[in-house]
Amino acid sequence: MFKRTTHTKLIVIASLLPIVSFGIVGAISYYQINGFIADENWVKHTYQVIGQADDVEKSMLDIETGERGYLITQNIVFLDPYNSGLAHIKAQLDSLRTITADNPVQQANIAKLTLLIDQKIAFVSQTDILGKSGQLGAATTLVKSLEGKKTMDAIRQTISDIDNEENTLLDQRTAVSQASAQNTNNTIIAGTAIAIIITIISTVAIYKKMQQREEIEKTNIELHFETEKLRERDNAKSELSAMVSHELKTPLVTISGYAEMLKDEDVLGTLNKEQIHAVDTISSQTVKLERLISDIMDAQKMDLQKMKFNKRDFEIDELMDEQMQIHSKLMDEKKIQFTNSTKEKLKITSDPDRLNQVFANLIKNAVDFVPQSNGSIEINAASKNGDVVFYVKDNGSGIPKEKQDGLFKKFYQIDTSLKRSHGGTGLGLVICKGIVEALGGTIWLESQAGKGTTFYFTIPRNGNHKST
């Protein structure tokens, strides 16, 4: 039978592989792009620091230029850039200090720059005060002292140091950013290529699996039709066999009847010993043939599930006594010790006629295999766990272990040689198994070569099948 679930799983897995592969590529690409963006942000940050340092320098130039222009011209207009520079310089320094908080070198440079700017502003304020108070000469002398120029040169150098530090970082961060961009590009290209290859492979795999599935389903359909044809043929054979077996019994009844008439002196006269022996032979062989036909018919009924059962309540001891009566003549003829060791008084709901049939087959088998002298057969019935356990025990030759597995198969013979000493069709135990199981029980045996055989079978006392 085609395993639909297995193929479905394979198809689902093959379908998911491209999705998973593209998902992995997307996740890696996302990670790489985020890294690239982070690197680019650091590059932008570097330019931001440089730009902020340049703003500080511009503000200081405005302060210095405005102060000098005012001293020279005494025109208040020149104080506009001076005042603007003073208004922005503190905020610019704070911003520069904040955006370089993670860089100790820059923090040291900014601390130095702040100190220099404070000195420069103090110097400019002093000259401004002298100028406004009319002491232009003193203010000019202070400017000519070059103290302010030296401080401004130190400020420019410190800002240059800040720019140099950022330019060094810029080179490093630009290299990292370019590498990150290249890695991101390579990852996307390689990942996409791999995902495409996986998609192609998965598509081919799904296509092949679908082809296999169609072929298997086609084969299953063909096998189903062939199985139906074989089943119809088997049913036809079984029905033909049942019909032929039934028709064979009709002439046998006539033969058996005339054989009995021949032995009746009042009907056809007295026969001599040879004639009587011949008639007895005809009778015995007719009985064997009738039994053979009955076995075949019963086997066919079980195959067709047409065997009928009539269950009723009855006493087990009556069934066991009946076995003693039915088979006593045969046991006497064979000089076999035949005993019924049943002790319990039991009542059961089942089909006694079919149980008689089981006993008949098992006892007949035992008779065939016990020794010619000192042969013994024992029958027994006992209750156990809601069942009645029956057995037929003999002291015959036993059955080898390797022969036991096939005993309940059709036409099985322990001895298959042409010179085997025991007859039979090999259907008796098959019929026993079919009847016992149809009545809700089980059948098995225990045997050892040279130590006899015991056949056991169970029948539910209440007549119901056991749940399985």
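All values reported here derive from a predicted model rather than from experimental measurement. (Residues numbered from 1 in each chain as written. Predicted model: local features only at pLDDT ≥ 70, side-chain atom pairs only at ≥ 80, totals over all residues. Heavy atoms only, no water.)

S.K.: Describe the packing of helix α8 (residues 316-334) against helix α9 (residues 352-369), listing the residues and the values that go with them.
M.R.: Between α8 and α9, whose axes approach to 11 Å, the crossing angle comes to 30 degrees. Taken together, the axes of α8 and α9 are roughly parallel relative to one another. The handedness of the crossing between α8 and α9 is right-handed. Residues Leu319, Met320, Glu322, Gln323, His327, Leu330, Met331 and Lys334 of α8 lie in contact with α9, whose contacting residues are Pro352, Leu355, Asn356, Phe359, Ala360, Ile363 and Val367. Its residues assigned to classes, the contact of α8 with α9 comprises 10 nonpolar, 3 polar and 2 charged. (Axes fitted to C-alpha atoms, helices over the stretch in contact; angles between N-to-C directions. Helix = DSSP H or I, 4+ residues; strand = E, 2+ residues; numbered from the N terminus. Parallel < 35°, antiparallel > 145°, perpendicular 65-115°, else oblique. Left-handed = near helix turned anticlockwise from the far one by under 90°. Contact = heavy atoms within 4.5 Å. Nonpolar A, V, L, I, M, F, W, Y, C, P; charged D, E, K, R; others polar.)

S.K.: Report on the environment of Ala360, specifying residues and quantitative values.
M.R.: Relative to the assigned elements, Ala360 resides in helix α9. Here Ala360 falls in the partly exposed class, since its relative accessible area comes to 30%. The spacing of Ala360 and Gln323 is 37 residues in sequence and 8.1 Å in space, taken between C-alpha atoms. (Buried < 20%, exposed > 50% of the residue type's maximum accessible area, 1.4 Å probe, protein only.)

S.K.: Outline the packing of aromatic side chains, listing residues and values.
M.R.: This structure, assessed with the given rule, holds 5 aromatic pairs. Three or more aromatic residues link up through ring pairs in this structure, and these residues are Phe359, Phe390 and Phe457. Across the ring face of Phe309, the terminal group of Arg354 is positioned such that the distance to the ring centre comes to 5.7 Å. (Phe/Tyr/Trp six-rings, centres within 6.5 Å; stacked < 30°, edge-to-face > 60°. Lys NZ or Arg CZ within 6 Å of the ring centre and 35° of its normal.)

S.K.: Lay out the pattern of salt bridges with the relevant residues and their values.
M.R.: Summed over the entire model, instances satisfying the criterion amount to 6 salt bridges. Its salt-bridge partner being Arg156, residue Asp153 comes within 3.4 Å of it at the nearest N-O pair. Of this pair, Asp153 and Arg156 both sit in helix α5 (residues 147-262), 3 residues apart, which is roughly one turn of the helix. For Asp153, a relative accessible area of 33% translates into the label partly exposed. (Salt bridge = Lys/Arg side-chain N within 4 Å of Asp/Glu carboxyl O.)

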